[in-house]
Amino acid sequence: RNNEFEGSVHYAEQAISKALLITDSNRNFQVKASYMLLANIYIRKEMLDKGLPVLLKADSTPSDKSTRKPELFIAQTFVNLYTQLNNFPKAIESSQKLLRLAKELNMEQQLIGAYASLGSVYYFLNDYRKGLTYCDSANAVLKQAKRKYLYEQQGVLGQTAQCQFALGDYGNAKSNYTR
């Protein structure tokens, strides 16, 4: 397993080196995507002290129209990372950026995730009403979605039920837990 990890790190570092040599309009996209790859390798191994600086490099790479999708996935990774670190102000900031990019790029799954992340963060901050508002927004997108997102639906229903329970709405909380 360790050889796999080291091989993945080596591959990602090579991708970064090659991306930095690109001189055409695809450079920023490739650099962001390559840094993102390395950051995710570290984060998945829970090496947050190494993953965060690499993710910050990905985020600080110049942006243009071609980098919108990598920016969205960078924001999504920041949301997860900052939530894991209990840095809720940064998690909110990253979730709002993710929300903006998901709307701009018309990406339903990430839009659901952004609303759900905001619902979760506000739940952790004991602002259950605001958390429920974001969960309701995620549920609205799920209802209008072009396809079924069962994994996301399960998470959103659970988060909705947690907020409802915390607000004393036990009947609806039970209904959402058992759906």
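Residues numbered from 1 in each chain as written. Predicted model: local features only at pLDDT ≥ 70, side-chain atom pairs only at ≥ 80, totals over all residues. Heavy atoms only, no water.

A. Spatial organisation of the overall build of the protein chain. A count of helices and strands for the protein chain gives 9 helices and 0 strands. Each principal axis of the C-alpha atoms in the protein chain carries an extent, and together these give about 60 × 35 × 30 Å. Counting over 179 residues, the protein chain shows a buried share of 44%. Nonlocal contacts in the protein chain, meaning residues at least 24 apart in sequence, comprise 55% of its contacts between residues at least 6 apart. Split by element, the accessible area of the protein chain, about 10,300 Å² in all, is 50% carbon and sulfur. Separation between the mean location of the 23 positive side-chain charges and that of the 16 negative ones in the protein chain comes to 4 Å. (Helix = DSSP H or I, 4+ residues; strand = E, 2+ residues; numbered from the N terminus. Buried < 20%, exposed > 50% of the residue type's maximum accessible area, 1.4 Å probe, protein only. Contact = heavy atoms within 4.5 Å. Areas by Shrake-Rupley, 256 points an atom, 1.4 Å probe, with all protein chains shown as cover. Lys, Arg positive; Asp, Glu negative; His and termini not counted. Charge placed at Lys NZ, Arg CZ, Asp CG, Glu CD.)

B. Seen up close, helix H6 (residues 108-124). The end-to-end C-alpha distance of H6 is 24 Å, a good match for the 24 Å that 17 residues give at a rise of 1.5 Å each. Burial within H6 is extensive, with 12 of its 17 residues counted as buried. For H6, the secondary structure elements touched by its buried residues are helix H4 (68-84), helix H5 (88-105), helix H7 (128-144) and helix H8 (150-166). Residue Asn126 follows H6 closely and has a positive phi angle near 65 degrees. (Expected span 1.5 Å × (residues − 1).)

C. Seen up close, the packing of helix H1 (residues 2-21) against helix H2 (residues 27-44). Between H1 and H2, the shortest axis-to-axis distance is 8 Å and the interhelical angle comes to 165 degrees. On the basis of the axis angle, H1 is roughly antiparallel to H2. Considering the relative orientation of H1 and H2, their crossing is left-handed. Contacts between H1 and H2 involve Phe5, Ser8, Val9, Tyr11, Ala12, Glu13, Ala15, Ile16, Ala19 and Leu20 on the former and, on the latter, Arg27, Gln30, Val31, Ser34, Tyr35, Leu37, Leu38, Ile41 and Tyr42. In terms of residue class, the contact of H1 with H2 is built from 14 nonpolar, 3 polar and 2 charged. (Axes fitted to C-alpha atoms, helices over the stretch in contact; angles between N-to-C directions. Parallel < 35°, antiparallel > 145°, perpendicular 65-115°, else oblique. Left-handed = near helix turned anticlockwise from the far one by under 90°. Nonpolar A, V, L, I, M, F, W, Y, C, P; charged D, E, K, R; others polar.)

D. Expanded view of the nonpolar core. The biggest cluster of nonpolar side chains holds 46 residues, and the ones touching the most others in it are Leu38, Leu55, Ile112 and Tyr115. Elements supplying a minimum of two residues to this core: H1, H2, helix H3 (48-60), H4, H5, H6 and H7. Sorting elements by how many residues they give to this core places H2 first, with 8 residues. Non-local contacts of Leu38, meaning those with residues more than four positions away in its chain, are made with Val9, Ala12, Glu13, Ile16 and Val54. (Core = buried A, V, L, I, M, F, W, Y, C linked by side-chain atoms within 4.5 Å.)

E. A look at the packing of aromatic side chains. Applying the stated rule across the entire model yields 8 aromatic pairs. Seen from their ring centres, Phe88 and Phe124 are 5.7 Å apart, and the 20 degrees between their planes marks the pair as stacked. On the criterion of sequence distance, the pair formed by Phe88 in helix H5 and Phe124 in helix H6 is long-range, its members being 36 residues apart. A network of ring pairs unites the aromatic residues Phe88, Tyr123, Phe124 and Tyr128 as a single cluster. Here the basic side chain of Lys45 rests over the ring of Phe5, its NZ or CZ set 5.3 Å away from the ring centre. (Phe/Tyr/Trp six-rings, centres within 6.5 Å; stacked < 30°, edge-to-face > 60°. Lys NZ or Arg CZ within 6 Å of the ring centre and 35° of its normal.)

Interpretation note: all reported values are geometric properties and have no functional meaning in isolation.
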